[in-house]
Amino acid sequence: MKAMIVGAGIGGLTAAIALRRAGVETTVFERAGELREVGAGLLLAVNAVRALAELGLSEKVRRLGTPASAARILSWRGETLTDVPADELEKRLGAPSAAVHRTDLQGLLLRELGEENVRLGATCSGFEQDEEGVTALFVDGSEERGDALIGADGLNSTIRTSLFGGEKPRYAGYTAWRAVVEPSHELLPWGVGFESWGSGARFGCAHIGGGRVYWFATRNAPEGEKDGPVGSSSGPKATLMKLFGGWHQPVAELIAETEECEIRRDDLYDREPLDRPWGEGRVTLLGDAAHPMTPNLGQGACQAIEDAVVLARCVREVGKDGVPSALRRYEDLRRERVAWIVRRSRALGRVGQLENPILCRLRDVALRAVPDRIQLRQFERVMLYKERSAVR
């Protein structure tokens, strides 16, 4: 059996590893000419760590970064709104989460898969399929034939467009800046992380190993708004200092320590979950191509990793002769869970991005009043995932 995966992100590489360990010859096709470093951290929550454990990778992943700290939300002044200790989370969930640099994780996955199984500079333009197989088409005129095609090519997936048309994703209403910094001194004590909420804006940070701190900032903004040139009064650093300069320590200090050219800004999007199968015949979708979500629950990469492991289980159990049924089974197992997480993340973002001062005060009071056991219950629903059997 031969599978083709379009997209060498976290989901695509994990799926390739999982399928190859299930006995499937798998090649990843990536349009970029090289896998470049992206200044971003990732939360690998317990559900992702456990999925990676099935591939024998959990210990390697844990060594990449640091254990995730407490689930701590502060006000913009530094007042504690909610604080669930890391040890309590680990006790309830049975394993620690990990905070890692996205590039470090991608590099680990690439080494595990083998670079020879990834073709860079291969831009997929669509596909054709019949009862015997599927053909991936590329812009340079080349073609590849296989038994299955998995679109793991992100928010604006070519494979998704070929299946369902080019409907635009939904703008969340806010933009995000993010960067990785190596502070010159201990601005953030080791193991400490937090997310702070203000009026129409948030800031969060965490250690990701190697003396590095990942931070992100959000603000309600019109879609497509851009920062001015680096070094200007409207550049990213000046804009962020105007927004967050009066927030509690070390928010402004982390921004100030960051090289301005390393600050990346992206508008945030998701899509309404599909109420039908994600694919047709021998073609399916995975990760953001299937269910893009806002980052408010830190579950984007985690859900792609879950997808990858469940997909490989379904294919392994059915085999080459039943590829379409294996793909539909995979979609059926995943659809309800990811739809809930997409909508839950969207709702959390709306609360976090509230701008009306009165509503913000009510929100903060309500957060303080939520008992720890209720918060832990929510974490459990997100992170303690046990899908139905992959075999009917």
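Just so it is clear, the model here is predicted, and its values are computed rather than measured.

Analysis parameters
Residues numbered from 1 in each chain as written. Predicted model: local features only at pLDDT ≥ 70, side-chain atom pairs only at ≥ 80, totals over all residues. Heavy atoms only, no water. Buried < 20%, exposed > 50% of the residue type's maximum accessible area, 1.4 Å probe, protein only. Helix = DSSP H or I, 4+ residues; strand = E, 2+ residues; numbered from the N terminus. Pairing = 2+ DSSP bridges. Axes fitted to C-alpha atoms, helices over the stretch in contact; angles between N-to-C directions. Parallel < 35°, antiparallel > 145°, perpendicular 65-115°, else oblique. Left-handed = near helix turned anticlockwise from the far one by under 90°. Contact = heavy atoms within 4.5 Å. Nonpolar A, V, L, I, M, F, W, Y, C, P; charged D, E, K, R; others polar. Core = buried A, V, L, I, M, F, W, Y, C linked by side-chain atoms within 4.5 Å. Salt bridge = Lys/Arg side-chain N within 4 Å of Asp/Glu carboxyl O. Phe/Tyr/Trp six-rings, centres within 6.5 Å; stacked < 30°, edge-to-face > 60°. Lys NZ or Arg CZ within 6 Å of the ring centre and 35° of its normal. Expected span 1.5 Å × (residues − 1). Arc of directions from axis to C-beta.

Quick look at the pairing of strand S11 (residues 143-146) now. Here S11 shows a clear split, with Glu144 and Gly146 buried on one side and none of Glu143 and Arg145 buried on the other. Across four bridges, strand S10 (residues 134-138) lies against S11 in antiparallel orientation. Within the sheet, the bridge partner assigned to alanine 136 lies in S11 and is glutamate 144.

This part is about the packing of helix H1 (residues 10-21) against helix H9 (residues 300-318). Helices that pack against each other are described as a pair by the angle of their axes relative to one another and the distance between those axes. Where H1 meets H9, the closest approach of the two axes is 8 Å, and the angle between their N-to-C directions is 25°. On the basis of their axis angle, the class for H1 and H9 is roughly parallel. Here H1 runs over H9; the crossing is right-handed. Contacts between H1 and H9 pair Ile10, Gly11, Thr14, Ala15, Ala18 and Leu19 from the former with Ala301, Ala304, Ile305, Ala308, Leu311, Ala312 and Val315 from the latter. In terms of residue class, the contact of H1 with H9 is built from 11 nonpolar, two polar and no charged.

The sheet built from three strands is open, its strands ordered S3-S7-S4 with antiparallel pairing. Two strands lie at the open edges of the sheet, namely strand S3 (41-44) and strand S4 (66-67), each paired on one side alone. Here four bridges tie S3 to strand S7 (residues 98-101), and the two strands are oriented antiparallel to one another. Looking across to S7, one finds that leucine 43 is bridged to alanine 99.

Tracing the backbone shows alanine 369 in helix H11 (residues 357-369). Alanine 369 sits in the exposed class, given a relative accessible area of 60%. On a C-alpha basis, the gap between alanine 369 and leucine 44 in space is 28 Å, while along the polypeptide they are 325 residues apart.

Once that is clear, we can look at the nonpolar core. Ranked by size, the top nonpolar core spans 84 residues in total, and within it Leu19, Leu44, Leu105, Leu149, Ile159 and Leu286 carry the most contacts. When residues of this core are assigned to their parent elements, the largest contribution, 11 residues, is made by H9. Dropping the residues within four chain positions of it, leucine 286 is found in contact with Gly11, Gly12, Ala15, Ile150, Gly151, Ala152, Ala304, Asp307, Ala308, Leu311 and Tyr330. Counting 20 residues, the second-largest nonpolar core is a separate cluster that includes Val181, Phe203, Cys205 and Trp215.

Working definition: two side chains of opposite charge can pair if their charged atoms are close together. Taken as a whole, this structure holds 28 salt bridges when the rule is applied. The residue lysine 2 makes a salt bridge to glutamate 144 at a minimum N-O spacing of 3.5 Å. Of this pair, lysine 2 sits in strand S1 (residues 2-6) while glutamate 144 sits in strand S11, and the two are 142 residues apart along the sequence. Each member of the pair, lysine 2 together with glutamate 144, is buried. Between arginine 346 and glutamate 272 there is a salt bridge, with the nearest N and O atoms lying 2.9 Å from each other.

The next thing to look at is the packing of aromatic side chains. Counting across every chain of the model gives seven aromatic pairs. When the ring of tyrosine 171 is compared with that of tyrosine 269, the centres are 5.5 Å apart and the planes differ by 50°; the resulting orientation is tilted. Here tyrosine 171 is found in strand S13 (residues 170-181), whereas its partner tyrosine 269 is found in strand S17 (residues 264-270), with 98 residues between them in sequence. With relative accessibility at 16%, the residue tyrosine 171 sits in the buried group. Taking the centre distance of 4.7 Å and the plane angle of 70° together, the rings of phenylalanine 244 and tryptophan 247 count as edge-to-face. Overall, tryptophan 247 belongs to the buried group, its relative accessible area being 12%. The structure contains a cluster of three or more aromatic residues connected by ring pairs, namely Phe203, Trp215, Phe244 and Trp247. Across the ring face of tyrosine 174, the terminal group of arginine 202 is positioned such that the distance to the ring centre comes to 5.5 Å.

Okay, helix H12 (residues 372-383) next. With 12 residues, H12 should reach 16 Å at 1.5 Å per residue; the first-to-last C-alpha distance of 16 Å fits that figure. Three or more residues of H12 are buried, namely Gln375, Leu376, Val382 and Met383. One face of H12 carries all of its buried residues, which in axial projection span an arc of 120°. H12 presents Arg373 and Arg381 as exposed residues on the side facing more than 90 degrees away from its buried surface. Turning to H12, the residues buried within the fold contact helix H2 (46-53), strand S6 (80-84), helix H4 (86-93) and helix H10 (323-352).

One open sheet holds the seven strands; their spatial order is S6-S5-S14-S15-S16-S13-S17, and the pairing between them is mixed. Of all the strands in the sheet, the pair left with one neighbour each is S6 and S17. Averaged over all pairs of adjacent strands, the angle between their axes in this sheet comes to 20°, without regard to strand direction. With seven bridges connecting them, strand S15 (residues 201-207) and strand S16 (residues 213-220) associate as antiparallel partners. Across the sheet, the residue bridging to histidine 207 is valine 213, located in S16.

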